[in-house]
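# Understanding the architecture of this molecule
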Amino acid sequence: MSESTTLRSLLPRTERGCHFVAYGDCCIGPPEPGRGHEEHLAAVHRVMHQLDPRPQFVCFLGDLIWGLTREHGPNHDGDSLRQEWAVKLPREMKPLTDLDVPVFRIPGNHDTMTPVSEAVWKEVFDEIPQNGPEGQEGLTWFERRDELLIIGISVYAMNMGSPFTMMGGRVDCDWVDRILSEHSDAKFKFVLGHSPVHPVNGYTAPKWGMLPEFGEPFWEVLARHHVTAYLCSHVIAFDFQVHDGVPQITTGGAGTSSGPGGCMPAPAEYHHCVQLAVDDIGLRGQVLDTDGTAREEFQWPLPADGVMRWSFQSDALPPKPSRVLLTGQNENEAYPRIRVSLDGYQPRLNVTLYDPADVYPCSWHGPEIDIRYPFELTVAIDPAMGPGGVLARVGSGPYSSLATDEPFGYKADAWPENWEASTEIPVVDAAD
Ligand SMILES: [Fe+2]
């Protein structure tokens, strides 16, 4: 793609709204030669410059510098860290400066992992508002601009007792709750933190996400305040999932090579940036790879088109090891393309999806259903949303993505042709 090619930005569809780019994780300057971080980042920056109109602002979600010593330990030498920032900001990050739009940034585990690197970060980015929780000034912050509230969180803050990244991220939930309460009139609320709260692509080890001890109360706050989205990075992937009605958007594609094939994993994942637009109708985005191709698109709330949805209604049920609620199958295929079941004596919803191009079906899990009482359960599948696009809600509660280790969602070339539904737990409403 030539430099002069323009890429159409998604724009707000109503008068109120904004559009912006989110990206993160380039870890400029790793000691091993040939990892290509700088080349990937340059390509991502070229794509950002092709966007028309240019984004109103950019969110950089952490891990800009390498930040470690050659022996891979945290760098406790302030002077060499200062030098790293002094070289890399005007060199590899010049294209971001040249975009000439506001940049909202948070530190990742490569940027701040010691008291020294936190102090250097505060020196380098002294324009960051000093309005974070006590001990996190200049690291954690919020900005209010008209209808927009952005909260940036340092999830490895030393004053939260963070031992680098091996025990996940952590958050001062009370502070986040207070800021969201004070700005409850903001129409659009984005929260930025480096690490995912909900596991991405099966990267469930604590170092790849937020400890549940911090993540669960944090998410309760985000859901209670109807936050527009939580944006994160750290895992070298793009991922969109929804929990309690709030999207978690992971974009760790700015250049770092890590994981199988250089991403987590490639080729399902690829280097990219995300262009987003939010308005009164909802949130939309496109994931632009290093050639400027929109490889994935997403929107929330669920669109009316292209999504299959079934609501099941049931009286109280006796325990039973397994109940199949629905299957959708094509002739002469080994497995149903879609299979919805309740399994276990304290049953849990399971959805398996099968692409005839694969050997086996893949599975999605959750939530638990209390069958001792009448219940209503809705399952939705949005193929555009990838692995997070298998969702459920109980009664009239909010949607949540089901848990999976897969890096893709429903990817068969068409919906199934032949459907079979349970008579014990009937489908009372369906849409596609
Ligand atoms: Fe990271």
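### Re the pairing of strand β8 (residues 188-193)
A large share of β8 lies buried, amounting to six of its six residues. Side chains F188, F190 and L192 project from β8 onto one buried face, and the interleaved K189, V191 and G193 project onto a second face that is buried too. Where strand β7 (residues 148-153) lies against β8, six bridges are found, and the strand directions are parallel. What sits directly across from L149, in β8, is K189. As a crossover connection, the stretch from β7 through helix α5 (residues 173-182) into β8 is right-handed. In this sheet, strand β9 (residues 229-232) lies alongside β8 in parallel orientation, the contact comprising three bridges. Residue V191 lies in a different strand from β9, and its bridge partner there is Y230. The parallel pair β8 and β9 is bridged by helix α6 (residues 212-224), and the resulting crossover is right-handed.

### What about the pairing of strand β18 (residues 348-353)?
Alternating residues of β18 divide into L349, V351 and L353, all buried, and R348, N350 and T352, none buried. Both strand β17 (residues 338-343) and β18 contribute to a ladder of six bridges, which runs antiparallel. Bridging across to β18, R339 finds its partner in T352. Once β17 ends, the chain turns through four residues before running back antiparallel as β18, passing G344 with a positive phi of about 100°.

### Here's the deal with the domain arrangement of the protein
The domain boundaries assigned to the protein delineate domain 1 (7-300) and domain 2 (308-431). The centre of domain 1, based on its C-alpha atoms, is set 32 Å off from the matching centre of domain 2. Between domain 1 and domain 2, the contact holds 16 residues from the first and 13 residues from the second. Elements that contribute at least two residues to the side of domain 1 that touches domain 2 include exactly β10 (238-243) and β14 (294-300). When the residues that make up the side of domain 1 that touches domain 2 are grouped by side-chain class, the tally is six nonpolar, five polar and five charged.

### Observations regarding unusual backbone geometry
Backbone torsion omega between M264 and P265 reads -10°, so that peptide bond is classified as cis. For the bond from W300 to P301, the omega torsion is 0°, close enough to zero to count as cis. Note on placement: P301 falls in the loop between β14 and β15 (308-314). The residue H234 is not glycine, and still its phi comes out positive at about 80°.

Thresholds, definitions, all that
- Residues numbered from 1 in each chain as written.
- Predicted model: local features only at pLDDT ≥ 70, side-chain atom pairs only at ≥ 80, totals over all residues.
- Buried ≥ 20, exposed ≤ 12 C-beta atoms within 10 Å, placed from the backbone.
- Helix = DSSP H or I, 4+ residues; strand = E, 2+ residues; numbered from the N terminus.
- Pairing = 2+ DSSP bridges.
- Right-handed = clockwise from strand over helix to strand, strands pointing away.
- Domains from an automatic or database assignment.
- Contact = placed C-beta atoms within 7 Å.
- Nonpolar A, V, L, I, M, F, W, Y, C, P; charged D, E, K, R; others polar.

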